[in-house]
Structures are given as C-alpha cells and as structure tokens.
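# Structural overview
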Amino acid sequence: MFFSKSVLTFLTSIFFCILMNRSYGQWTDGQPAANVLGQPTFTTSNPIATESGLNRPNQVVVDPVSGKIFVADAFSHRVLRYPSTAAYIDGANAEAVFGQTNLSNAFVTATSTTSLNTPSGIALDDNGNLWIADQGNNRVVRVSNAVTALTGSAFDLVLGQSGFSGSNGGTGLAEFSSPWALTYRNNALWVSDFGNNRILKFDNPSFLSNGAPASLYLGTGSPGLSDNTLNGPGQISIDVNGNLWVADVNNNRVLRFSNANALSSSADADLVIGQSDFFTSTAGLSQSALSSPWGVYMDEGGRLYIADNGNDRVLIFNSTSLAANGALADHVIGQIDFANSNTATAQDKVSPIFVSVENDLLFVSDFSNNRVLIFKPSTPLPVNLLNFSAISNIREGKVLLQWYTVNEIDFSRFEVEQSYDEINFDKYAGQLAAKGGATNTYRLEVPVFNYESAYFRLKLIDNDGSVSYSNVISVKGEQQELLTYPNPFRDKLEVELSSATGNISVYDNSGKEIKREVIYSDEVTLDLKVLPIGEYWVKVQTDKNILIKKVLKID
C-alpha cells in the first residue's frame, strides 16, 4: 500500500500546474545566426573594449527570470551584462560591467575585490549571484545579486584563495590552476580546473567562506586518457537528470558522468562522445569525431551541444539517453555538412569555444571573431503543452496524470518519466501516442510506491526524434522510515528492510560512499567497526523506493 492507514480517509489530493505555451525548436545544418553581440555586423571581427565590443569572449549565461545576458569578455578582463531586449539587436550595448570601473576600461588586471584577470567561465546560482572563474588570478569570485548590481560592484566571496589579494595556483582541494569554466545546478557549483586536469565540486556554495575546499573531484590531477582521467577539461554542463558532461579538450572527446551528485571522487565516466572508447584520443572530422572540443552544453530538452573548436563547428545531438560511445551527431552549425571545416567571418561561420542555450536560443562564443552569435531554431516542435496535472488515488496507490495540448502537427508520442528524488528520472511509467488534433486531452494511470514524494514529467517526442520535456509535478505521500538499530552504534548496525532486493550504501558527511552491499534478505547487518567515530548516512535503494537515515558511531 502506498500510504498508511491513518490517511486513508483522504481519498484524493490534486496537484495542478499550468505550463507556459512553449515550442522547442529544431535545427538545420549550416543555418545562419540571427543576431550578433560584440560586433556591429556579421562581417567584422575587431577586438574592442567598449560598451558594444568584445575581445575574445568566453562563457555566456542568461538569467532565466530577467532574460539578461552575461558574457565573460576574457581579454578585456571583464564580465559584461546586457539588457534582455536590447541584447538581440546586432552590436547592442552592455548595461553594466564587472571587473572594470566603466565600460570603456579594459586594462586593470590587479588582484582585488573589483578586478579580474582573463575571466573565462561564469555561472548564475539560484539566488541570482554571479560566479566568475578569474583564470589569471587562479580563483573563483562571486558578485551578489548580479542582475541588478551596479558597474564595478565588489566581489564578496572568493574560492581558490584565502583572501582577495592572493593569486597563486596550487593542487590542493582549496586551490586552482587556471580555473576555466563553471556550472551550477542542484545547489552545487562545479569548476573546471584546467591546469590541474580535474573537475571540482563545491556543495552549498552560498554558505561557504573564503578559501573553502572542494567536496569532490573528478580526474586524477594528472593528464591522462582513461574513463577517470582528463587532459585539459573545458566547459562543463549538468543536464536535467543530474548528469555531468565534460569537454575533455586535449583528448578530443566529451565525457558523461551519470548522477553527478552521488559520485565519489575520481569516479569513472560512463559515456564518451568523439571516440569509440575511453582509451583513444584521435582528432577527426566526421559525424562522430571531434577536434579540440572546448565547449559542451545540455539543454532542458535533452539535446547535447558541443563546441568543436578544431573543426570550426557546433555539433548537436538530439538525444543521448540511449547513446553509445562514439554516437553520431544529428545536426551541425557553422558548416554545411559534417565533412567540411571552413572558417570565415560570416553569419553562418563560427570558431566556437563555449555554447549555451536559454529560451530555445543557442549562444555561441565565437572566440577568434570577437563576438557572440545567437541562433534561433529553424522550426518549432509541433506541439504546445498547455497544462500537466496529477490526481493521487490514495486508497489504491495510483496516480492519474492528465495533460492538454493544442496544435499537434506530425507529432509522435508522449512518454511519462517518474522519479522519487526529483533528479533521476530513470523510471519509465508509460506512454501515449499523439492524437494529432487541434485540442487534445490525455490521461494515464500509473502505480506509485511508498515514498514521501513522487515526481513526474513528460517527454515529448517528435517524429524525427527531437525531444523536449515538460515541467516536473509531484504527488506527496507518507514517507516510510528506514529502521536501524542500535543508533548510536559501535561496531555493527542492523538494518530492517521492506524488500529483499536492491543495494545498501553508507556515506560519510562529505557525500563519499564508503561501503556498499547487495541486499539479499529483509535484514542486513553492516560491519562498520573500521569506521572512525562520527555521523554517517545509510541509503537503501530498491526497485520501489529510496530510504535514507543518519546514524551515529560512538566509542
């Protein structure tokens, strides 16, 4: 039974969520850009430090609430902020600058609370704070409330250094060597530490103090070629499923690390793009090959974008959920096909180093041409999803999902994906074929198990394989408690389970998994005498649920 008997008098609970009308676009090989930032036209490429100019632009991020655009203008030692509307005018003026005192200054490179030295990576957190990879100063700094902050605002937190006056590089977990790119998701800041050939994770970054150490690292710290080593990591991105993607530049590949928040340090990647396996690094020009891929980004629709810099192109993969090593790209931007690598200063040519997507717009940092190109999809996904809701039948342990659409044209189907942690949507709950009418109503009943909350989203699949996702809705139930005794414990811990199949793991407070066992019975005895005194987390995962409990080891 899904819920306890104490709540069976409540027959149903309704959770309703209205979706904004949205069409997810499709791309055409070799299509031209729609707009340009940093240059007045598509045929100029002058490096200029003005309110409208750029000099070797790097990472671009867009605030999803205000629509304002931030660009790391590396060789002008600054980060620019553009207003959301004017930014889509060719050669638009920025409205604010960080790292310099005004929009015409590009020469101050001091180590201070207001200066930058070759900033390359930027990321926005959930509170609207801007994080900047200040590469030349071997640090990451924060600008609070960046959407409204004034020009020249001071940084209020620094990572990689103990204070704002330091700039030495290092190899410790509290140090960087040329931090290159940033990404933020699920309350964690990830840093591509280029010079140390590793990725660092900082949990709850808003609560950290200056010089705080990372909680996890990927890569070994030395350049290598395997499933757990990197050689010059570039841009990083985390997708809607919580998977981390890394552009491994000098190995001519992109790696995926699934379920990033559950990883342990030096974890193995489980997918490689650009190579047929984890032990080759050949540069190439084809539908499956890469050459110095500096940028990688996953959009909310599950599409993968790679800035294939050595081939002067951006590759687009419509879906990677079932992809194998060495997967084939579906589209190419910057070239007319997968066999060409021509370069020019033109509306349809790029020398990409970073890529990002927001509001169905593709932003490409065209490094060599001192500009950012903005691409708009050539055609929208042929369906508009109006709303998506859930009605839970507590008595029967089922959930009725309902959604409404308009204007379905040559559309394939809806797949329902289910999660119990709002991160890993790895449970398939069913599918319905598209009806194809002007207005359509869909209903699907799915079973749910003993969880505090169950989460659902729709995967919208077009006839050509293009995909997008709805927002996430939830239904709440009663959480089943994980029974452990004694707690506190000394040497052994007994765990009672509701299922005799699955896995049981023990984690320390840093999130590192220190013990894992396969479950063979409904009672498990964990021998933990070798662990030091302290707090630990026990996690039980079965095919029906995930239960977690804190335990304490005493002397």
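Residues numbered from 1 in each chain as written. Predicted model: local features only at pLDDT ≥ 70, side-chain atom pairs only at ≥ 80, totals over all residues. Heavy atoms only, no water.

### Description of the sheet that holds strand β20 (residues 293–298)
Pairing is antiparallel in the open sheet, where four strands are placed in the order β20-β21-β22-β23. Only two strands of the sheet have a single neighbouring strand rather than two, namely β20 and β23 (331–333). Neighbour-to-neighbour, the strand axes of this sheet turn through a mean angle of 20°, independent of strand direction. Inspection of the sheet shows strand β22 (residues 313–317) paired to β23 by three bridges, in the antiparallel sense. Bridge pairing links Leu315 to Val332 in β23. (Pairing = 2+ DSSP bridges. Helix = DSSP H or I, 4+ residues; strand = E, 2+ residues; numbered from the N terminus. Axes fitted to C-alpha atoms, helices over the stretch in contact; angles between N-to-C directions.)

### Re the sheet that holds strand β25 (residues 361–366)
Strand order in the open sheet made by the four strands is β3-β26-β25-β24, with antiparallel pairing throughout. Either end of the sheet is taken by a strand with one partner, and the two such strands are β3 (35–37) and β24 (352–358). Here the strands of the sheet are splayed against their neighbours by 20° on average, with no regard to which way each runs. Here six bridges tie β24 to β25, and the two strands are oriented antiparallel to one another. The residue of β25 that forms the bridge with Phe354 is Ser365.

### Description of the side chain of Arg256
One can find Arg256 in strand β18 (residues 253–257). Judged by its relative accessible area of 13%, Arg256 falls in the buried class. A polar side-chain atom of Arg256 sits 3.4 Å from a polar atom in the side chain of Ser258. Excluding anything up to four places from it in sequence, Arg256 contacts Asn243, Leu244, Trp245, Ala269, Asp270, Leu271 and Thr320. (Buried < 20%, exposed > 50% of the residue type's maximum accessible area, 1.4 Å probe, protein only. Polar contact = N/O pair within 3.5 Å; in protein donor to acceptor, adjacent residues only side chain to side chain. Contact = heavy atoms within 4.5 Å.)

### A word on the pairing of strand β14 (residues 198–203)
Burial analysis of β14 places five of its six residues in the buried class, which makes it a mostly covered element. Following strand β13 (residues 188–193), the chain reverses through four residues before pairing antiparallel with β14; Asn197 in that reversal takes a positive phi of roughly 55°. As paired strands, β14 and strand β15 (residues 216–218) are joined by three bridges and run antiparallel to one another. By the bridge assignment for β15, Lys201 is matched with Leu216.

### A closer look at the nonpolar core
Within the largest apolar cluster, 22 residues are counted, with the highest numbers of intra-cluster contacts made by Val399, Leu401, Trp403, Val416 and Phe456. Residue assignment for this core shows that the elements contributing at least two residues are β28 (384–393), β29 (398–406), β30 (411–419), β32 (439–447), β33 (453–462) and β35 (473–476). With four residues, the top contributor of residues to this core is β33. The residues touching Leu401, leaving out its near neighbours within four places in the chain, are Phe388, Ser389, Ala390, Val416, Tyr442, Arg443, Leu444, Val446, Phe456 and Ile473. (Core = buried A, V, L, I, M, F, W, Y, C linked by side-chain atoms within 4.5 Å.)

### Digging into the pairing of β20
Most of β20 is tucked away, with six of its six residues classed as buried. Both β20 and strand β21 (residues 304–308) contribute to a ladder of five bridges, which runs antiparallel. Note on β21: the bridge partner recorded for Pro293 is Asp308. Hairpin connection of β20 to β21: five residues between the antiparallel strands, including Gly302 at a positive phi of 85°.

### Section: the packing of aromatic side chains
Overall, the coordinates contain 12 aromatic pairs when judged by the stated rule. Measuring from ring centre to ring centre gives 6.4 Å for Trp27 and Tyr305, while their planes differ by 90°; the resulting arrangement is edge-to-face. Placement of Trp27 in the loop between β2 (25–26) and β3 and of Tyr305 in strand β21 is noted, with a sequence separation of 278 residues between them. The residues Trp27 and Tyr305 share a single accessibility class, namely buried. For the ring pair Phe388 and Trp403, a centre distance of 6.0 Å and an interplane angle of 85° mean the geometry is edge-to-face. In this pair, Phe388 sits in strand β28 while Trp403 sits in strand β29, placing the two residues 15 residues apart along the sequence. (Phe/Tyr/Trp six-rings, centres within 6.5 Å; stacked < 30°, edge-to-face > 60°.)

### Digging into the environment of Asp462
Here Asp462 is to be found in strand β33. On the basis of relative accessible area, Asp462 is assigned to the buried category, the value being 7%. Once the C-alpha coordinates of Asp462 and Glu408 are considered, the two residues, 54 residues apart in sequence, prove to be 10.0 Å apart.

### A look at the environment of Val524
As for its placement among the helices and strands, Val524 is situated in strand β40 (residues 523–527). Sequence separation between Val524 and Leu493 is 31 residues, and the spatial gap between their C-alpha atoms is 8.2 Å. Beyond its immediate chain neighbours, meaning those up to four positions away, Val524 contacts Leu493, Glu494, Val495, Leu497, Ile504, Glu517 and Ile519.

### Comments concerning the environment of Ser470
Note that Ser470 resides in the loop between β34 (467–469) and β35. With 12 residues separating them along the chain, Ser470 and Leu458 place their C-alpha atoms 5.1 Å apart.

### Looking at the confidence of the model for the protein chain
Interpretation of the predicted coordinates at a detailed level should be avoided for regions scoring low in pLDDT. Put simply, the protein chain has an average pLDDT of 87, and 89% of its residues get 70 or more. Note that residues 1–23 has pLDDT below 50 and, in this model, 64 contacts with residues that lie over four places away or in other chains. (pLDDT = per-residue confidence, 0-100.)

### Some words on the pattern of salt bridges
This model, assessed by the stated rule, comprises 19 salt bridges. Among the salt bridges present, the one from Arg81 reaches Glu95, with a minimum N-O distance of 2.7 Å. Placement of the pair is Arg81 in strand β6 (residues 78–82) and Glu95 in the loop between β6 and β7 (96–98), with a sequence separation of 14 residues. Glu95 gets classed as partly exposed once you look at its relative accessible area, which sits at 32%. Here Arg516 makes a salt bridge to Glu513, at a shortest N to O gap of 2.9 Å. (Salt bridge = Lys/Arg side-chain N within 4 Å of Asp/Glu carboxyl O.)

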